[in-house]
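Listed below are the residues making up each chain.
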Amino acid sequence: MPKSRRDFLRMSVAAGGALGLGRATPVFGRALPGWPSDESLRGLHAALPEAPLRILILGGTGFIGPHQVRYALERGHTLTLFNRGRTNPGMFPGVETLIGDRDGQLDALRGREWDVVIDNSGFYPRHVRDSAELLVDLAGTYMFVSSISAYDTTLKPGQDEYEAPYATMADPTDESEPPYGPSYGARKALCEQVVLEVFGEERTNVVRPGLITGPGDPTDRIRHWIARVERGGEILVPGKHSDPVQLIDARDLTDWMVRMLEQGDVGLYNGVGPEAPLSIAEMVYGIRAVSSSVVSFTWVSGEFLAEHEVPGFRYQPWIPADSPFSAFNYVTHARSLVTGLTFRPLATTAFDMLEEYLEAPQSQREEGFGRRGGVSWEQEAELLEAWHAREG
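Residues numbered from 1 in each chain as written. Predicted model: local features only at pLDDT ≥ 70, side-chain atom pairs only at ≥ 80, totals over all residues. Heavy atoms only, no water.

Q: Could you give an account of the overall build of the protein chain, naming the residues involved and the relevant values?
A: A tally of helices and strands in the protein chain yields 13 helices and 13 strands. A total of 392 residues make up the protein chain; the buried ones form 55% of that total. Within the protein chain, contacts between residues at least 6 apart in sequence are counted, and of these 78% link residues at least 24 apart. As displayed, the protein chain has an accessible area near 17,200 Å², and 52% of this comes from carbon and sulfur atoms. (Helix = DSSP H or I, 4+ residues; strand = E, 2+ residues; numbered from the N terminus. Buried < 20%, exposed > 50% of the residue type's maximum accessible area, 1.4 Å probe, protein only. Contact = heavy atoms within 4.5 Å. Areas by Shrake-Rupley, 256 points an atom, 1.4 Å probe, with all protein chains shown as cover.)

Q: Describe the pairing of strand β6 (residues 204-209), with residues and values.
A: Burial within β6 is extensive, with six of its six residues counted as buried. Covered by surrounding structure in β6 are T204, V206 and R208 together with N205, V207 and P209, the residues of both alternating faces.

Q: Residues and numbers for the packing of helix α3 (residues 64-74) against helix α7 (residues 250-263), please.
A: α7 packs onto α3 with a crossing angle of 50° between their chain directions and a minimal axis gap of 9 Å. By the angle between their directions, the pair α3 and α7 is classed as oblique. In the crossing of α3 with α7, the sense of the turn from one axis to the other is right-handed. Contacts from I64, H67, Q68, Y71 and A72 in α3 reach A250, R251, T254, D255, M257, V258 and R259 in α7. Looking at the contact of α3 with α7 residue by residue, the class counts come to six nonpolar, three polar and three charged. (Axes fitted to C-alpha atoms, helices over the stretch in contact; angles between N-to-C directions. Parallel < 35°, antiparallel > 145°, perpendicular 65-115°, else oblique. Left-handed = near helix turned anticlockwise from the far one by under 90°. Nonpolar A, V, L, I, M, F, W, Y, C, P; charged D, E, K, R; others polar.)

Q: Summarise the pattern of salt bridges; cite the residues concerned and give the values.
A: Applying the stated criterion across every chain, the model contains 20 salt bridges. Note that D107 and R110 form a salt bridge whose closest N and O atoms lie 3.0 Å from each other. Take D107: its relative accessible area is 57%, and that puts it in the exposed class. Note that E192 and R208 form a salt bridge whose closest N and O atoms lie 2.7 Å from each other. You can see E192 sitting in helix α5 (residues 184-199) and its partner R208 sitting in strand β6, a full 16 residues away along the chain. Judged on exposure class, the residue E192 and its partner R208 are both buried. Each of the salt bridges in this network shares a partner with another, and the network as a whole consists of D249, R251, D252, R344 and D352. (Salt bridge = Lys/Arg side-chain N within 4 Å of Asp/Glu carboxyl O.)

Q: Break down the environment of V245 for me, citing the residues and quoting the values.
A: Its location among the elements puts V245 in strand β9 (residues 244-245). A C-alpha to C-alpha distance of 9.0 Å links V245 and F328, two positions 83 residues apart in sequence. When residues no more than four places from it in sequence are discounted, the contact partners of V245 are P274, L278, S279, I280, M283, P317, W318 and N329.

Q: Outline the environment of G340, listing residues and values.
A: For G340, the location among the structural elements is in the loop between α10 (334-338) and α11 (346-359). Distance in space between the C-alpha atoms of G340 and M260 is 7.8 Å, their sequence separation being 80 residues.

Structure below.
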């Protein structure tokens, strides 16, 4: 990317932070002009723990895992990863990795001890029970990464982690679906209950993230907008300007998780952001602020998209107002803020994701747009044409 363009983007991000596109500090990630470095901000944010932890991560090389590993290493902890060795093998050559499988191949964990366990890869209750029962006498705290999808659709805006109802499924033993199948939320709820049963409330920390994004995000839920803004031109945006969205940078989520373990926090916590309510208009304009492309936004009603059966927006941050999941964009994070959850500006996340997108090979840039969110450019053009024809 030409230096002049890089400088322009950095100035745009700084302006975005000043205009309220996210909390101005702490700004973890790329150091911007006049802002402290990543390292100095992290040092100011939380003092290093007096005693480093021995941390076992079940997973560790997918999307959020690498962010956890890097931050934990920076803070002096000793890490062990347990996974199948298939996703990004060799990513952390200096970190001990035990090879195994959640489905019946846990022997590598036997005979060891850790202070805490972070379970990033629990999708099926049987697998979580096997690991929890094996580790209950080998580890102190079990942190389970769940999801706000563990809540039932009767969730009401503002209900906290202990009031909100669990999602359920007809057959709790059914493992026929892929991890992110229709029963994903109900299975996460069952996994939570297993950990609480085995480790007890006094040794369990459950984190329920909402939409997670940032560098390394394998989905098109936010990357769609990054790529679309960079492409320029007229952009279709679903819903109304004021429709709420919730999203969190993976680095904010995982750094907070590590700090909670250092602090000995247990309980149930919603890992959602940003700190202040965010509308979809603020989201797309915030993303536009980090690009030099000329764009215009056209808001298209949810009713129109439903009529045209557009599945690509189903997993976007936007949720139709009449959806049974509409309350999922009003999830409270009050308990999490008390334990130290903080957020970088949206502009910083968008800037880092745009750089990642621009640095990727062209073939990778053209992949996807439909993986859990997003539509193709051709489909978008057809929808905009039909929308304008209808609106006159």
